[in-house]
Structures are given as C-alpha cells and as structure tokens.
Amino acid sequence: MVYIPTVLFALGEGAVIPLIPVFATELGADVPLAALVAAMLVVGQLCGNLPAGWLVTKIGERLTMVYAGLAAILAGVGMLWAPSLGWLTAAVFLLGFCAASFGLARHAFMTTRVPIRFRARMLSLLGGCFRFGVFVGPFVAAGLIQLTRTEHSTVWFLLGCVAVLVVLVLFGPDPERTMPALLKPTGAAIAEDTGEVVTGSIPVRDQRGVFRTMWFYRGVLSRLGISAACLSAVRSARQVVLPLWGVSLGLDATTIALVVGVSGAIDFALFYASGQVMDRFGRIWAAMPALLLMGLGFTALSFTHDLDSALLWYGLLAAVLGVGNGLSSGILLTFGADLAPERDPATFLGSWRTLTDAGGALAPVLVSAITAAATLSLATGLMGVVALVGAAGFLRWTPRYLPRPERD
C-alpha cells in the first residue's frame, strides 16, 4: 500500500511522457510548440507543490492521493479527446499538477512514519519506484503502440494504472491508521534560524500556512534548498546533454539511444545504494560523491568534443554520469524529510520540492539557451560548475542543519 500505488502512477506517467509531443503535432503544432506543450508537465508540477502541501495538511495523504488520481483520470481523458492544442496543454498541465500532489503525499507520509534509522533506504526505494516508471514506461509504450497501432493506447494504459491506484488507496488498508506517526525530531529546520543543531526534544508548533512556512524556514531553504536545486538541475541536464552531445558528434539514433539507455540502466541499478550509504555513514557521504562525479563528468565531457576519441569519451563519461545520478537517488527526498517539522511536514515539503523542481525545470532551458548563443561544450561545462557549487553547498551547510547519524 505504500509502494505499489507509486509504481502504478510512475508507470502510467512514464508511458505517456514520450508521446506528448506526438499528440501535439497531431493537433497541428510545430516542433517548438510541441516542446512547449510537453514542458507544461514540468510547469504543472512546479505549480502543484505548494497547493499540494496545503491539501495534505488539511485532508491527509490518503485523500490527497485519491483526489490526485481522479484529477489524473480527468487529465488522461482530456489528452485522449482534446479538440485543440489549448485543451491538450491544459490536460498535460493538470497531469503535472497531479504528479506533484501524489509525490508530495507519499513524501509526507514517509517522513512522519518511517524510523530515522532506515529512512534514507526507504526513501531511496520510493525514488526507485519513480525511476522504475520512467525507465520501463517507454518500453511499455512501445509495446502497446506495436500491438494497437495507435499512440493513444498509452493514455488508456495511464487511465488503467490510475484507476487501479484509486481503488487500492480507497478500499485497501489505510497505512495512515496502521502505521502510527513517529513524532520525533527530524532535523534542525524546526528551530529558529540560529544554525544550531537540534539534539533534544522539539516543541510542537501550530500549523502554518504555505507562505508563512516558507518565510519561517527561509534560512534552510536558501542554503540547503539552493544546493538541492543545483543537484536537481544537474540531474535534469544529463537527460538533455547526452542526446544532444550524440547528435553533435554525428551519431545515428540507434547509437545515441544505446549510450543513453546504458547510462539510464546504471542509474536505475544503483538507486538503493544511496540509501544504504546515507543511513550508515550520513547524508553528506551520498550527496558529495554523486555531485562530484557528475560535476567532474560534465566538465571532462566539455573538453572531449573535438578529440579523435570523442566517441569513446562520450560512452565512458555517460556511464560516469549514470553512476553519479544513481548514487543521488533519494537524496532530495531524504534531506527534505530530515529537515521538515515532524507534526506538519507537508507545507515545508511543498516549498522544498518547489525549489528542487525549479532547478530541474531551469536546467534544460539554460542548456538550450547557452548552446544557441555559444556552444554545447560551454553549456556542458557550466553544468559541471553547477554540480560543484552544489557539492560545496552541501559540504558547508549539511553539518549545520543535520546532526551525524547515531551509531548502533
């Protein structure tokens, strides 16, 4: 009841995402406009985090997931029978909004109910569920299209997944009742902005609104939150830079897909390792290697474009980026859970996830703009710098806000 709904939603969304530009072109969009329609998914997710935090606080995680599932069904119906690009854009935006609501509800639930001694492993597994959907969903979509000869079969698959999800959440055992909340200190964000690590008991505070929460926790959000946004930006940039780099080298689509697929497979295979490291040694020991690997990988890649062995370096550094991204699985979820107040985590998590999603949304735009104005190599090198800045931020601010893990 905790992980299966997440897998279902991620599978349905992962099957539909690659086909959104196709749906847009069928309605008359050119390539730039189709890209804009696809980007509405990220915009919807950005806009949905803060309202989702408020909704979880008011009605709970379970009902928020039910409402998000019903709204996602509405979005799928809109994608199936959209009469115009405007309707399709609105449906894609709504799907992103639902994804934010569903993801935040799961995040808040895990924050309050998973013991801190294995929190990172459980959240890495939750992140792995999303990665599983993104990784397997396109293969499911390809099989469905081959069988049905229509791209809209992927939307029917999404509707089926979400319908099963809603039934499970409504009529299955309610984890909110069977798993009691663990009201224990979760981090230093609950403290006033003094920078001191909280080691004793934490006083219970009244619930705040979304914007008051953002202001109250402005210190940690502007420090660790910006570092987390850098990590999210580098993750997102990897998905854009690797295909573009292959195109710039003149490789065929099959070779590019193979390199990107191997990088994605390495990423998916390592999702649980990050949680093991964070629970055993501390959060910084997963964040630093991940960011350093991706920072150095992007930086090195930016110098290899005109080398005779450019193809070899492309494959090798794509694998390095896959390792770095795999080691970062669950880090943003775990930091958010560690820093959130234990009685009302949802509004804080809404602000935290808005920052991280903003970093992920900005990176492709930045890569595209710099590539158009200068070169892809410069854009790639800049992403390496962003990763190293994020690593420095985590190194500076993590010990200030998070105590070291207790040893058994």
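An account of the accompanying structure is given in this report. Just so you know, these numbers come straight off a predicted model, no measurement behind them.

Cut-offs applied
- Residues numbered from 1 in each chain as written.
- Predicted model: local features only at pLDDT ≥ 70, side-chain atom pairs only at ≥ 80, totals over all residues.
- Heavy atoms only, no water.
- Helix = DSSP H or I, 4+ residues; strand = E, 2+ residues; numbered from the N terminus.
- Expected span 1.5 Å × (residues − 1).
- Buried < 20%, exposed > 50% of the residue type's maximum accessible area, 1.4 Å probe, protein only.
- Axes fitted to C-alpha atoms, helices over the stretch in contact; angles between N-to-C directions.
- Parallel < 35°, antiparallel > 145°, perpendicular 65-115°, else oblique.
- Left-handed = near helix turned anticlockwise from the far one by under 90°.
- Contact = heavy atoms within 4.5 Å.
- Nonpolar A, V, L, I, M, F, W, Y, C, P; charged D, E, K, R; others polar.
- Salt bridge = Lys/Arg side-chain N within 4 Å of Asp/Glu carboxyl O.
- Core = buried A, V, L, I, M, F, W, Y, C linked by side-chain atoms within 4.5 Å.
- Polar contact = N/O pair within 3.5 Å; in protein donor to acceptor, adjacent residues only side chain to side chain.
- Patch = residues over 30% accessible without salt bridge, like charges linked within 9 Å, V, L, I, M, F, W, Y side chains within 5 Å.
- Areas by Shrake-Rupley, 256 points an atom, 1.4 Å probe, with all protein chains shown as cover.

Take helix H4 (residues 61–80) next. Its 20 residues give H4 an end-to-end C-alpha distance of 28 Å, which sits within 8% of 28 Å, the value for a rise of 1.5 Å per residue. Taken as a whole, H4 has its buried residues at Glu61, Thr64, Met65, Val66, Ala68, Gly69, Ala72, Ala75, Gly76, Met79 and Leu80.

Okay, helix H15 (residues 331–339) next. Most of H15 sits out of view: nine of its nine residues are buried. Residues of H15 that are buried include every one of Ile331, Leu332, Leu333, Thr334, Phe335, Gly336, Ala337, Asp338 and Leu339, and no others.

For the pair helix H6 (residues 119–148) and helix H12 (residues 271–281), the least separation of the axes is 7 Å and the interaxial angle reads 165°. Taken together, H6 and H12 sit at an angle that is classed as roughly antiparallel. Note that H6 runs across H12; the crossing there is right-handed. In this structure, H6 uses Arg119, Ala120, Arg121, Met122, Ser124, Leu125, Gly128 and Arg131 to contact H12, whose residues at the interface are Phe271, Tyr272, Ser274, Gly275, Gln276, Met278 and Asp279. Across the contact of H6 with H12, the residue classes break down as six nonpolar, five polar and four charged.

So, on to the pattern of salt bridges. Evaluated as defined, the whole model comprises six salt bridges. One salt bridge connects Asp279 with Arg283, and the closest N-O pair in it is separated by 3.5 Å. Under the relative-accessibility criterion, Arg283 is labelled buried at 11%. Across the salt bridge formed by Asp338 and Arg283, the nearest N and O atoms sit 2.6 Å from each other. Of this pair, Asp338 sits in helix H15 while Arg283 sits in the loop between H12 and helix H13 (284–301); the two residues are 55 residues apart in sequence, bridging distant segments of the chain. Accessibility assignment for this pair places Asp338 and Arg283 in one class, buried. Taken together, the salt bridges that share partners define one network made up of Arg119, Arg121, Asp279, Arg283 and Asp338.

In this section: the nonpolar core. Grouped together as the largest cluster of nonpolar side chains are 94 residues, with contacts concentrated most on Met79, Leu88, Leu224, Phe348 and Phe394. Take this core: its biggest share by element is 12 residues, from helix H10 (residues 218–248). Not counting the four nearest positions on each side in its chain, Leu224 is found in contact with Phe335, Leu339, Trp352, Phe394, Trp397, Thr398 and Tyr401.

Okay, the side chain of Thr57 next. Mapped onto the fold, Thr57 is located in helix H3 (residues 31–59). Within the structure, the side chain of Thr57 is placed 3.0 Å from the backbone oxygen of Gly53, a separation counted as a polar contact.

On to the packing of H6 against helix H7 (residues 153–171). Remark: H6 packs on H7, axes separated minimally by 9 Å, with the N-to-C direction vectors making an angle of 120°. Judged by the inter-axis angle, H6 sits oblique to H7. When you trace H6 past H7, the crossing you get is right-handed. Contacts between H6 and H7 involve Val140, Ala141, Leu144, Ile145 and Thr148 from the former and Ser153, Thr154 and Phe157 from the latter. Residues belonging to the contact of H6 with H7 are distributed by class as follows: five nonpolar, three polar and no charged.

A contiguous nonpolar patch, built from Leu362, Val365, Leu366, Leu382, Val385 and Val389 and spanning about 490 Å² of accessible area, is present on the exposed surface. Elements represented by at least two residues in the nonpolar patch include exactly helix H16 (345–373) and helix H17 (376–401). On the secondary structure map, Val385 appears in helix H17. The class for Val385 is partly exposed, based on a relative accessible area of 45%.

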